[in-house]
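Given next are the chains, with one letter for each unit.
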Amino acid sequence: MPLPVPDISRNLFDLSGYCSIVTGAGQGIGLALAEALAYAGSDLVLTERNAEHLEVGASKIEAIGRKVTTVACDVAADDTPDRLVKAALDLSGRIDVLINNAGLMTFADMLTVEDAVWDNIYAVNVRAPMRIMRAVLPEMVKAKRGSVINIGSSWSSRASVFNQDGGGVDYCSSKAALQSLTRAAAQDVAAKGVRVNAIAPGAVDTPMHADHRAKLFEYEKYIPLGRMQLAEDLAGTVIFLASDASGYITGQTLHVNGGLIMND
Ligand SMILES: NC(=O)c1ccc[n+]([C@@H]2O[C@H](COP(=O)([O-])OP(=O)(O)OC[C@H]3O[C@@H](n4cnc5c(N)ncnc54)[C@H](O)[C@@H]3O)[C@@H](O)[C@H]2O)c1
């Protein structure tokens, strides 16, 4: 069946009746994206390793008036993908959107990076999204529709986190791998009506930067749009990519960063 043509007489951004899975949804970008999806109409499966944060997130989604279920787990654990699929099907009987957001940032140097640090960041930032996509995509293929959004980084095209200071051979390369994985996965499901894209945020003020927040704000002067990025700045793009409004976009990484890398 050919790709449906959008009906532009209705609200293409409406997510009513959708079921979305968001990983790393207990705080920061993941929580903001989950709330944005709920405001746009979607029910939610929230997953996160911190059970207390997860419950706070779930109560916010309930307050918006959507159905929600939680799965407290390590995103990299073997049984996580199957648990997420089951949770979504139990909640809504469908999976429309997957946001692979859970991620780690470390600042390793090429000369000293330890195997354990490398393996851990690749397990969370690359292997886990691949395994969750592998479990979720068959459900989307069956429905002949669905949108996966992987959260990459504008640092995927840079040599280090925080310009020229060095450090980040692990983080930068893992996000580049995730964005490449996005493109390759998109190719494999495109003919089946399913889309896979990535969002690359810039420097976002979240708990991820809690122990180097001053350094993050030193960076603000390099942001052309002139203020530090907040998690809410990603909400519109995630609704766009989740919805029929972006129905002819796949395999892309959209940079949402206040113009951070436009001079590179
Ligand atoms: N904050 C930034 O500047 C920035 C910029 C570009 C990309 N990103 C990406 O955005 C995503 C979210 O970042 P954030 O700033 O909100 O980070 P954060 O540290 O504030 O939140 C990440 C969430 O993911 C969860 N998580 C991490 N590892 C997990 C695991 N193994 N299992 C289950 N949950 C796990 C954490 O508990 C936390 O709730 C990450 O992938 C990050 O790399 C962040």
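If you're wondering where the values come from, they're calculated on a predicted model, not measured in any experiment.

**So, the overall build of the protein chain**
The number of helices and strands found in the protein chain is seven helices and seven strands. In sequence order, the protein chain lays out its α and β elements as β-α-β-α-β-α-β-α-β-α-β-α-α-β. Computed over C-alpha atoms, the radius of gyration of the protein chain comes to 18 Å, within 12% of the 18 Å expected from 2.2 N^0.38 for 264 residues, which places it in the range of a compact globule. Seen along its three principal axes, the alpha-carbon backbone of the protein chain occupies a region of about 50 × 35 × 35 Å. Put simply, the protein chain has 264 residues, and 52% of those count as buried. Taken as a whole, the protein chain presents about 12300 Å² of accessible surface, with 53% of it coming from carbon and sulfur. Positive and negative side-chain charges in the protein chain, numbering 23 and 30 respectively, have mean positions lying 7 Å apart.

**Side note on the side chain of N150**
By the secondary structure assignment, N150 is in strand β5 (residues 147–151). The buried category is assigned to N150, whose relative accessible area is 0%. A polar atom in the side chain of N150 sits 2.9 Å from the side chain of N100. Of the polar contacts made by the side chain of N150, one reaches the side chain of T182; its length is 3.0 Å. In contact with N150, other than residues within four places in its own chain, are N100, P129, M133, L178, T182, V196, N197, A198 and I199.

**A closer look at the side chain of E48**
Structurally, the position occupied by E48 is in strand β2 (residues 43–48). Buried and without a salt bridge, E48 has R49 as its closest oppositely charged side chain, separated by 4.7 Å. Engagement of the side chain of E48 in a polar contact is seen with the backbone nitrogen of N50, the distance being 3.0 Å. Setting aside residues up to four positions removed in sequence, E48 forms contacts with G24, A25, G26, Q27, L54, V71, A72 and C73.

**Considering the site of the ligand**
Lining the immediate environment of the ligand, one finds 26 residues, of which E48, V75, N101, T206 and H209 sit closest. Here an oxygen atom of the ligand and a side-chain polar atom of R49 are 3.2 Å apart. A distance of 3.2 Å separates an oxygen atom of the ligand from a polar atom in the backbone of M208. In isolation the ligand has 820 Å² of accessible area, and contact with the protein removes 95% of it. Those elements that place two or more of their residues in the shell around the ligand are α1 (28–39) and α5 (169–189). Of the residues belonging to the shell around the ligand, the class tally is twelve nonpolar, ten polar and four charged.

Cut-offs applied
Residues numbered from 1 in each chain as written. Predicted model: local features only at pLDDT ≥ 70, side-chain atom pairs only at ≥ 80, totals over all residues. Heavy atoms only, no water. Helix = DSSP H or I, 4+ residues; strand = E, 2+ residues; numbered from the N terminus. Rg over C-alpha atoms; globule rule 2.2 N^0.38 Å. Buried < 20%, exposed > 50% of the residue type's maximum accessible area, 1.4 Å probe, protein only. Areas by Shrake-Rupley, 256 points an atom, 1.4 Å probe, with all protein chains shown as cover. Lys, Arg positive; Asp, Glu negative; His and termini not counted. Charge placed at Lys NZ, Arg CZ, Asp CG, Glu CD. Polar contact = N/O pair within 3.5 Å; in protein donor to acceptor, adjacent residues only side chain to side chain. Contact = heavy atoms within 4.5 Å. Salt bridge = Lys/Arg side-chain N within 4 Å of Asp/Glu carboxyl O. Near = heavy atom within 4 Å. Nonpolar A, V, L, I, M, F, W, Y, C, P; charged D, E, K, R; others polar.

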